[in-house]
Amino acid sequence: MKSDGKAEKQADNVNEQFWYNHPFWANIFDWFQFSSDEDVYDVLHQIPLFEHLSHRELKTVSTLLHEREYEPEEFVFRMHQPGAAMFIVEQGEVEVIHDMDSEVFHLARLKKGEFFGELALLDNSPRSASAVAQKKTRLLAIFRADLDKLMMSQPTIGGKIMKQLAIIIGMRLKATNEQLSQVNLEV
Amino acid sequence: MDPAEFKKQRRKRSIIYHTVFSAIFLTLGVYLLISLQALILPMVLGFLAAYLCMPLLDMLRRNGVPKGAGILILFLVFVILIMFISREVVRLIPDEQEMLELQVNLQYQINEQYRAYMGIEDLAEDEDGNLLYQVFGEELDPMMSTLNRFLMLDEYEREQFEELRNTYDHEGNPIISNHTWRHYQQNLEELNYLGIDEEMIEVQDEGEEEAEATREHSLIAEIISVASIWLIMPVVFLFMLVDDGRLKKSLISLVPNTYFEMGLTALDNVDRAIGNYLRGTFMEVVAVAATLWILLVMIGLDWGISIILSLIAGIANVIPFFGSVVGLVVIALYALMESHMGEINPWLPFIQADHLLLWSVVVVMLVQLIDNVYFKPVIFGSVVDLHPLVVFLAAIAGSVMFGFIGLLFAIPVIVVLKELYGTIHRELKAYFLIY
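Residues numbered from 1 in each chain as written. Chains lettered and ligands numbered in written order. Predicted model: local features only at pLDDT ≥ 70, side-chain atom pairs only at ≥ 80, totals over all residues.

**Details of the overall build of chain A**
For the record, the criterion: Under the DSSP-based scheme used, a helix requires at least four consecutive residues in state H or I and a strand at least two consecutive residues in state E, with every element numbered from the N terminus. For every residue, the other C-beta atoms within 10 Å of its own C-beta are counted; 20 or more classify it as buried, 12 or fewer as exposed, and values in between as partly exposed. C-beta atoms are placed from the backbone. Any two residues are considered in contact once their C-beta atoms, placed from the backbone, lie within 7 Å.
Within chain A one finds six helices and eight strands. Listing the helices and strands of chain A from first to last along the sequence gives α-α-α-α-β-β-β-β-β-β-β-β-α-α. Counting over 187 residues, chain A shows a buried share of 25%. Pairs at least 24 apart in sequence give 71% of the contacts found in chain A among residues at least 6 apart.

Have a look at this one:
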């Protein structure tokens, strides 16, 4: 316990060596978001879509991200609405549901580092399911038009992301096909 | 507390909070907009210049130039361009002596051309003139009288002019040339002929001498104050290029979650509309200025001055309706002065110095025609699909509310508002938020 406290104090001292880490300045220069940037990289690193990007490339992608906070039971988006952005769970939980004829099917429960709504990065076709926050949740959103612009200005990064997106969608299609064959066999 | 009650109270507090702060920010915004009017133009121009340069920055990045270096290159080009334009503008502003000569020669030329077109040979004779004069003479004469009264040197300026006439350069020639002096005397005769009392000009300009004493001092002060205001333009330009989407993110962060995706789409559409409008306007200015320049050189105007005149007319052309008049007046006045010099080198052999004014007017009107028939439809397409009456009313309303700035930005503002309304309405329906 004693050594832990010492380590904590040392860490505090190291942090305070940088003037901007002092609570007073950190409060004023909040928009620099020194610590939060690292958190964002941590989350982005875990996502298959961005796993082939270098730290520098992730930094570029992070400039496109919008941070949103949702209350429990608040809808992130609803089924049939046009899709414009993909979401990444930074904190909290999101449930993906499919409501048809007042019957609700729970499709998936997504936690930190998982993402959803990725098809919106391709076109604005309607959402095939709804997404609802299960607790106080913080999401990172990436907008389709921003990704399109990134592909124009930095095609290397855009190309890597799009290739990964194609792989992920292919894998999901395979999984759906397998599930469908299994259902067919059972029937 | 009951969770439902707690939620209700929280919602109520949230509404009060947002309403109060929105009202405060709106009031503050309007107050700042009105009290900092002088800063609006340089800020908006810096913002627009950055907007135009964004695709260039993207292009540089695509070609492997790091962002910082790209921004530095664009910023240096921007500053050099501003310095070059400022230097040229300062160079073009005539000094006191040139101003007096210009005024005298201009008045003389206008009277000469008027008489030539109206078929009046001699001032002293009471001539009938040609058909044009017989029909419109009664209406045009008072206008000429007003114009002469406006252009005639006042008592203080006349003293200065006569003093300059008695001053000689190092070669022993009077600073004021003989023909300008002749024009000055002719102008005085004209004044008598038109029945304008010299006393009236003296009375009108009483106190001018006193103002003249402080003019030099106040001019320096004004230049410093204008320069300090315009310093904000490169700063805004730089901040916009460095911004990296932070401004857009801040705007979107104000949008409630329900409207998040819709807000992103609306902002993107507006962004695209502004981009298209700006790039279109830029291309139109270049196309109009280039066509005008070629035609002005063809009718015999000096190519160097023609570049400046074409650019002024091209930029003024952005202002709906009134802009083309500005271009016409500037070019016609220069042509009037040039025709007086009598030495023109037209590409077209049938153009003579005497008719340069007429040809310059023909050229400006021809370019207007090409602009409306070809440039505007090809460049803008359906980007600015506004009814001419809307354009006219917007321009008038803009000028009444904000003067010149309002006139200049009325159309872009209408384009943005139209796109904003269209996209918000469309997206609200698409997201099932309205019927």
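**Brief notes about the overall build of chain B**
Counting its regular elements, chain B contains 16 helices and zero strands. Expressed as a percentage of the 435 residues in chain B, the buried residues total 18%. Long-range pairs, those at least 24 residues apart, make up 67% of the contacts in chain B between residues at least 6 apart in sequence.

**Brief notes about the packing of helix α5 (residues 144-153) of chain A against helix α6 (residues 155-186) of chain A**
All names here are of chain A. Using the following cut-off: Inter-axis angles, ranging from 0 to 180 degrees, are taken between N-to-C directions of lines fitted to C-alpha atoms, where helices are fitted over the stretch in contact. Should an angle fall under 35 degrees it is called roughly parallel, over 145 degrees roughly antiparallel, and 65 to 115 degrees roughly perpendicular, with every other angle called oblique. Residues are grouped as follows: Ala, Val, Leu, Ile, Met, Phe, Trp, Tyr, Cys and Pro are nonpolar; Asp, Glu, Lys and Arg are charged; all remaining types, including Gly, are polar.
In contact at an axis separation of 5 Å, α5 and α6 are set at 125 degrees when each is read in the N-to-C sense. Put simply, α5 runs oblique to α6. Judged by residue contacts, L147, L150 and M151 of α5 engage P155, I157, G158 and I161 from α6. Counted by class, the contact of α5 with α6 contains six nonpolar, one polar and no charged residues.

**Examining the interface of chain A and chain B**
Interfaces are often sized by the accessible area lost when the parts come together. If you look at the interface, chain A gives 16 residues, while chain B gives 16 residues. Elements with a minimum of two residues in the side of chain A that touches chain B: β1 (66-70) and α5 of chain A. When the residues that make up the side of chain A that touches chain B are grouped by side-chain class, the tally is nine nonpolar, five polar and two charged.

**Some details on the sheet that holds strand β2 (residues 75-77) of chain A**
Residue and element names in this part refer to chain A. Note the following rule: Here, a strand pair is defined by DSSP locating no fewer than two bridges between the strands.
Taken in spatial order, the four strands of this open sheet run β2-β7-β4-β5, and their pairing is antiparallel. The two strands at the open ends of the sheet, each matched to only one other strand, are β2 and β5 (103-110). Neighbour to neighbour, the strand axes of the sheet diverge by 30 degrees on average, direction disregarded. Pairing geometry for β2 and strand β7 (residues 130-133), over two bridges, is antiparallel. Along β7, the bridge assignment pairs F77 with A131.

**What about the confidence of the model for chain A?**
The predicted coordinates should not be examined in detail at positions where pLDDT is low. All names here are of chain A. We apply this condition: pLDDT runs from 0 to 100 and stands for how confident the predictor is about each residue.
Here chain A averages 80 in pLDDT, while 80% of its residues score no lower than 70. The least confident element of chain A, judged by mean pLDDT, is helix α1 (residues 2-17) at 48; the most confident is β7 at 94. Segment residues 11-17 is flagged for pLDDT under 50; beyond a separation of four residues in sequence, or across chains, it makes three contacts in the model. Low pLDDT, under 50, characterises residues 26-35; the predicted model gives this stretch five contacts beyond four residues in sequence or across chains.

**Some thoughts on the environment of P72 of chain A**
Residues and elements named next belong to chain A. Looking at the secondary structure, you find P72 in the loop between β1 and β2. On the basis of neighbour counts, which here come to 12 C-beta atoms within 10 Å, the residue P72 falls in the exposed class. Sequence separation between P72 and K136 is 64 residues; the distance between their C-alpha atoms is 5.2 Å. The contacts of P72, once residues within four sequence positions are left out, are A133, Q134, K135 and K136.

**Points about the pairing of β1 of chain A**
All names here are of chain A. On β1, burial follows the alternation: H66, R68 and Y70 on one face are buried, whereas E67 and E69 on the facing-out side are not. For β1 and strand β8 (residues 137-143), the ladder comprises five bridges, and the chain directions are antiparallel. Its bridge partner being in β8, Y70 is matched across the sheet by T137.

**With respect to the sheet that holds strand β6 (residues 115-116) of chain A**
All names here are of chain A. Read from one edge to the other, the open sheet built from four strands follows the order β1-β8-β3-β6, with strand pairing classed as antiparallel. Only two strands of the sheet have a single neighbouring strand rather than two, namely β1 and β6. Pairing analysis gives two bridges linking strand β3 (residues 85-91) to β6, with the strands arranged antiparallel. Residue pairing across strands places I88 opposite F115, the latter belonging to β6.

**Remarks on helix α2 (residues 37-62) of chain B**
All names here are of chain B. The condition that has to hold: Here the expected span of a helix is defined as 1.5 Å times the quantity of residues minus one. In this scheme, the bend at a residue equals the angle between the axes fitted to the seven residues that finish there and the seven that begin there.
In this model, α2 (26 residues) spans 38 Å end to end at C-alpha, consistent with the 38 Å of a helix rising 1.5 Å per residue. At C53, α2 shows its largest kink, close to 35 degrees, and the proline P55 lies no more than four residues downstream. Taken as a whole, α2 has its buried residues at G46, L48, A49, A50 and C53. Looking at the buried residues of α2, the elements they touch are α3 (67-92), α10 (232-242) and α12 (260-298).

**Observations concerning unusual backbone geometry**
Residues and elements named next belong to chain A. Even without a glycine there, the phi angle at E73 is positive, about 70 degrees. Note on placement: E73 falls in the loop between β1 and β2. Here H80, not a glycine, exhibits a phi torsion of approximately 75 degrees, which is positive. With respect to the helices, strands and loops of the structure, H80 is situated in the loop between β2 and β3. Given 13 C-beta atoms within 10 Å, H80 falls into the partly exposed group.

**Quick notes on the confidence of the model for chain B**
Residues and elements named next belong to chain B. Put simply, chain B has an average pLDDT of 81, and 89% of its residues get 70 or more. For chain B, per-element mean pLDDT is lowest for helix α8 (residues 198-204), which scores 52, and highest for α12, which scores 89. Interface scoring of the predicted complex returns ipTM 0.75; its pTM is 0.69.

**Examining the pairing of β3 of chain A**
All names here are of chain A. With six of seven residues buried, β3 is to be regarded as a mostly interior element. Both β3 and β8 contribute to a ladder of six bridges, which runs antiparallel. Paired with F87 across the bridge in β8 is A141.

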